[in-house]
Amino acid sequence: MKTDDFFVITINRELGSGGRTVGEQLAKRLEVPFYDKVLIQQLKKKYGLNTDEIERLKGQKHNWWAEFKRSIRMMPNYVAPKIVPDYSSMPDFLITDDIFKAETEILKGIAADGSCVIAGRSGFFIFRDHPNHLSILIQASMKHRIERVMQKQNISAEEAKAIIEEVDEGRENYVRKYTGSSRYDTRNYDLVINADNHSEDEIVEMIIHYMKLPLSKIIF
C-alpha cells in the first residue's frame with residue numbers, strides 16, 4: 001500500500017469486536033481523520049447534505065468536499081461535530097436509497113480530499129475501485145463480543161447477545177441490499193483479523209505491519 005499517496009482504509013467490524021476503537025487508534029497513529037456512520041449522519045443532518053445538494057456542490061467544484069469544508073469553517077460559530085459513539089443514530093435498516101447515495105458521495109468526497117480511515121458504511125464496496133484502498137474485516141467469537149458489549153453498556157449477557165444478534169441481522173441486510181454481497185464474504189477484504197486474544201493496540205500494529213509489506217510478499 002502506498003502511504004505517500006492519498007489512501008483510504010475501510011474497516012468493517014462485528015459489534016463487540018473492538019473494530020471501531022481500532023479504527024480510531026489506527027487513524028491517530030497514521031495522523032489522518034477517522035469517520036464512521038455517526039459522523040456522516042451528523043454532517044448530513046446538520047448541513048442538509050442530500051443528493052440534490054451534493055450534485056449542486058459537485059457541479060460548482062471538482063473537489064466539492066474540500067470546498068464544502070472550507071465553506072462551513074467560515075460559518076459563524078462553527079463547531080465541528082464530535083466523533084463520539086451515539087447509539088441513537090439511524091439504524092442501518094432505516095437507510096433509504098437516497099440516504100445511501102448521499103452517504104456514498106460524502107465518503108467519496110472525503111477520500112478524494114485526503115487519506116482517511118472509515119469504519120463501516122459498506123466501505124469495501126464503495127471504494128472497490130479506489131487505486132489505494134485497504135479493506136479490513138475485524139471479527140471475534142460470540143463470547144468475546146458478548147463480554148465486551150456487557151462491559152461497554154453495563155448490561156447482562158442475555159441483553160448483550162440480543163443486541164448483537166439484532167445488529168448483525170440489520171448490518172447484513174443493509175450490506176446485501178446495497179452491495180449484493182455478504183459482509184461475511186472474506187473475498188471483499190484484503191485483511192481479516194480475529195480480535196480474540198488481541199488488544200486493540202496489537203491489532204493496530206498488525207495493520208500497520210501489513211501496510212508496510214511489499215506487494216510481492218502478500219499472498220492472496
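Note: the structure precedes this text.
What you see is a predicted model, and the numbers here were worked out from it, not measured in a lab.

Draft legend 1. Examining the nonpolar core more closely. Judged by nonpolar contacts, the single largest core of 23 residues is most densely connected at I9, L26, V117, I136 and I207. Per-element tally for this core: the top contributor is helix α9 (residues 200-212), with 6 residues. In contact with I207, not counting residues within four places along its chain, are V22, L26, L134, I136, L191 and I193. With 16 residues, the next largest nonpolar core counts W65, I106, I110 and F127 among its residues.

Draft legend 2. Layout of the packing of helix α7 (residues 142-153) against helix α8 (residues 157-179). One can describe the packing of α7 onto α8 by two numbers: an axis separation of 9 Å at closest approach and a directional angle of 110°. With respect to α8, the element α7 is oriented roughly perpendicular. By crossing handedness, the relation of α7 to α8 is classed as right-handed. Listed contacts from α8 to M142, R145, I146, V149, M150 and Q153 of α7 are A157, A160, K161, I163, I164 and D168. Each residue belonging to the contact of α7 with α8 can be placed in one class, and the counts come to 8 nonpolar, 1 polar and 3 charged.

Draft legend 3. Here's a closer look at the packing of aromatic side chains. Scanning the model with the defined rule gives 4 aromatic pairs in all. Aromatic pair F100 and Y178: ring centres 4.2 Å apart, planes at 10°, arrangement stacked. Pair noted here: F100 is in helix α5 (residues 97-113) and Y178 is in helix α8, with a separation of 78 residues, a long-range link. Take F100 and Y178: they sit in the same class, and that class is buried. One aromatic cluster in this structure is built from F100, Y174 and Y178. Positioned above the aromatic ring of F125, the side-chain terminus of R128 is 3.9 Å from the ring centre.

Draft legend 4. Seen up close, the packing of α5 against α8. The interhelical angle for the contact between α5 and α8, taken along N-to-C directions, is 80°, at an axis separation of 12 Å. The orientation of α5 with respect to α8, classified from their angle, is roughly perpendicular. In contact with D97, F100 and E103 of α5, α8 contributes Y174, K177 and Y178. Here the residues of the contact of α5 with α8 are counted per class, giving 3 nonpolar, no polar and 3 charged.

Draft legend 5. How the structure looks around the sheet that holds strand β5 (residues 191-194). Within the open sheet, the 5 strands sit side by side as β2-β3-β1-β4-β5. Their pairing is parallel. The sheet is open, and its two edges are formed by β2 (34-35) and β5, each paired on a single side.

Draft legend 6. The pairing of strand β4 (residues 133-139), seen in detail. Of all 7 residues that make up β4, 6 are buried, and the element is covered over most of its length. Both strand β1 (residues 8-13) and β4 contribute to a ladder of 6 bridges, which runs parallel. Across the sheet, residue I11 finds its bridge partner in β4, namely I136. Summarising the sheet, β4 and β5 pair through 4 bridges and their orientation is parallel. Looking across to β5, one finds that I138 is bridged to I193.

Cut-offs applied
- Residues numbered from 1 in each chain as written.
- Predicted model: local features only at pLDDT ≥ 70, side-chain atom pairs only at ≥ 80, totals over all residues.
- Heavy atoms only, no water.
- Core = buried A, V, L, I, M, F, W, Y, C linked by side-chain atoms within 4.5 Å.
- Buried < 20%, exposed > 50% of the residue type's maximum accessible area, 1.4 Å probe, protein only.
- Helix = DSSP H or I, 4+ residues; strand = E, 2+ residues; numbered from the N terminus.
- Contact = heavy atoms within 4.5 Å.
- Axes fitted to C-alpha atoms, helices over the stretch in contact; angles between N-to-C directions.
- Parallel < 35°, antiparallel > 145°, perpendicular 65-115°, else oblique.
- Left-handed = near helix turned anticlockwise from the far one by under 90°.
- Nonpolar A, V, L, I, M, F, W, Y, C, P; charged D, E, K, R; others polar.
- Phe/Tyr/Trp six-rings, centres within 6.5 Å; stacked < 30°, edge-to-face > 60°.
- Lys NZ or Arg CZ within 6 Å of the ring centre and 35° of its normal.
- Pairing = 2+ DSSP bridges.

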